[in-house]
Amino acid sequence: MELKIGILQQQNSASVEDNVNRLSAGVARLAQEGAQLIVLQELHNSLYFCQTENVDLFDLAEPIPGPSTEHFGRLARQHGVVIVTSLFERRAAGLYHNTAVVLERDGSIAGKYRKMHIPDDPAYYEKFYFTPGDLGFRPIQTSVGRLGVLVCWDQWYPEAARLMVLQGADLLIYPTAIGYESSDTPEEQQRQREAWTTVQRGHAVANGLPVVTVNRVGQEPDPSGQTGGIRFWGSSFVAGPQGELLCRASDCREESRVVSVDLGRGEQVRRWWPFLRDRRIEAYGDITQRFID
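Parameters at a glance
- Residues numbered from 1 in each chain as written.
- Predicted model: local features only at pLDDT ≥ 70, side-chain atom pairs only at ≥ 80, totals over all residues.
- Heavy atoms only, no water.
- Helix = DSSP H or I, 4+ residues; strand = E, 2+ residues; numbered from the N terminus.
- Rg over C-alpha atoms; globule rule 2.2 N^0.38 Å.
- Buried < 20%, exposed > 50% of the residue type's maximum accessible area, 1.4 Å probe, protein only.
- Pairing = 2+ DSSP bridges.
- UniProt positions renumbered as here; feature names shortened; annotations may be inferred.
- Core = buried A, V, L, I, M, F, W, Y, C linked by side-chain atoms within 4.5 Å.
- Contact = heavy atoms within 4.5 Å.
- Axes fitted to C-alpha atoms, helices over the stretch in contact; angles between N-to-C directions.
- Expected span 1.5 Å × (residues − 1).
- Arc of directions from axis to C-beta.
- Patch = residues over 30% accessible without salt bridge, like charges linked within 9 Å, V, L, I, M, F, W, Y side chains within 5 Å.
- Areas by Shrake-Rupley, 256 points an atom, 1.4 Å probe, with all protein chains shown as cover.
- Salt bridge = Lys/Arg side-chain N within 4 Å of Asp/Glu carboxyl O.

- As annotated in an unreviewed UniProt entry, the protein chain carries the name Amidohydrolase and comes from Prevotella dentalis.

Brief notes about the overall build of the protein chain
At step 1: Scanning the protein chain for helices and strands turns up six helices and 17 strands.
At step 2: For a compact globule of 293 residues, the expected C-alpha radius of gyration is about 19 Å, and the protein chain comes in at 18 Å, within 12% of that figure.
At step 3: If you line up the protein chain on its principal axes, its C-alpha atoms span 55 × 50 × 40 Å.
At step 4: Counting the 293 residues in the protein chain, one finds 51% classified as buried.

Observations regarding the pairing of strand β5 (residues 109-114)
A regular strand carries its side chains on alternate faces of the sheet.
At step 1: Note that strand β4 (residues 95-103) and β5 share five bridges and pair antiparallel. Among the inter-strand pairings, V102 is bridged to a residue of β5, identified as G111.
At step 2: Joining the antiparallel neighbours β4 and β5 is a turn of five residues, in which G107 adopts a positive phi near 90°.

Examining the UniProt feature "domain: CN hydrolase" (unreviewed entry) in the protein chain
At step 1: What UniProt calls "domain: CN hydrolase" (unreviewed entry) maps, in this numbering, to residues 3-263.
At step 2: Its end C-alpha atoms 7 Å apart, residues 3-263 is made of 25% helix and 33% strand.

Observations regarding the nonpolar core
At step 1: The biggest cluster of nonpolar side chains holds 59 residues, and the ones touching the most others in it are I5, L37, F88, L147, I173 and V212.
At step 2: Excluding residues that lie within four positions of it along the chain, I173 makes contacts with L37, V39, V84, L147, G148, V149, L150 and V212.
At step 3: By size, the runner-up hydrophobic cluster in this structure holds 18 residues, among which are L8, L30, A35 and V81.

Some remarks on the sheet that holds β4
At step 1: Pairing within the open sheet is mixed, and its six strands lie in the order β5-β4-β3-β2-β1-β17. Two strands close off the open sheet at either side, each with one partner strand: β5 and β17 (255-262). Sheet twist, expressed as the average angle between the axes of neighbouring strands with direction ignored, equals 30°.
At step 2: Here strand β3 (residues 82-92) runs beside β4; their pairing, made up of nine bridges, is antiparallel. When the sheet's bridge partners are listed, V84 is paired in β4 with V102.
At step 3: Against the sheet, helix α2 (residues 67-79) makes contact with β3, β4 and β5, and its axis sits at roughly 165° relative to β3, the strand it touches most.

So, helix α5 (residues 186-207)
At step 1: For α5, which comprises 22 residues, the first-to-last C-alpha distance of 32 Å matches the rise-based estimate of 32 Å (1.5 Å per residue) to within 8%.
At step 2: Of the residues making up α5, those classed as buried are Q189, R193, W196, T197, Q200, H203, A204 and N207. Projected down its long axis, α5 shows its buried positions confined to an angular sector of 115°, all on one face. Pointing more than 90 degrees away from the buried face of α5 are the exposed residues E187 and R191.

Remarks on a nonpolar patch on the surface
At step 1: A surface patch of nonpolar side chains, amounting to about 230 Å² of accessible area, comprises L163, L166 and L276.
At step 2: Mapped onto the secondary structure, L163 falls in helix α4 (residues 158-166).
At step 3: The exposure class of L163 is partly exposed, given its relative accessible area of 38%.

Observations regarding the sheet that holds strand β9 (residues 145-149)
At step 1: Read across the sheet, six strands follow the order β8-β9-β10-β12-β15-β16 without closing on themselves; strand pairing throughout is mixed. The open sheet has two edge strands with one neighbour each: β8 (140-142) and β16 (245-248). Across this sheet, the average inter-strand angle for adjacent strands is 20°, counted without regard to direction.
At step 2: By the bridge criterion, three bridges tie strand β15 (residues 237-239) to β16 in an arrangement that is antiparallel. The residue bridging A239 from the neighbouring strand is L245, located in β16.
At step 3: The strands touched by α5 are β10 (171-176), β12 (211-215), β15 and β16; relative to β12, the strand with the most contacts, the crossing angle is about 155°.

What follows is the structure, encoded as structure tokens:
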């Protein structure tokens, strides 16, 4: 099955209305170019607010279903596409998640995934805002296939990718917000970007299926002034089941692309490289330990 995937890499402004309007125009454009599945970046409605800890920013959160699922569901229905969104979910007072929601092409919610791995690093204070996910690693069934949707920091964990695949995911999808720290040398910045690309291509190879990653791009200032802010490195990409790069976007500009992916090719790759067949599951019990002393 050939699937046309649209990726929308955007530089966000401080205006939620502006960001959503530009995303909406991008969805329409990608649909017109033939996209059947459109993937948006992490927390795409606003600036990346986790650079500081500020209780007022919880006002950005919204329920699911809510205004954003209604808006993007309407776009999905209007253009006949499946859309992967990334939202700041208000589940209850004091209980919030970083949640990806998949909208089916009839506008309905096909499913959601709450980010499981939550970072807590300078300029990425996500533990202040997000409760770790409690929905597990379960693919979402859609009209274009079973989508293994994960979010950003999840992309460093092979366990998450594998568990999605063991439950029948046809491809892995990572809405993302990651960038350069201004004090790092150019050489260190590039090492980080290449490591980020390489580990996800490794998930494609180890599991024999495509990977789709859509990252933010552009400079976003630190409201506290304590750091130089984050320059998100873009570089959104689609990799095939042997890790081959089918496309890679700019590291400094907004971009939208439609990429054709042959979902059936993974079947053949897994026949050549039957990694799932040769797993020694009886010997992996220790993987659930934090560390083996």
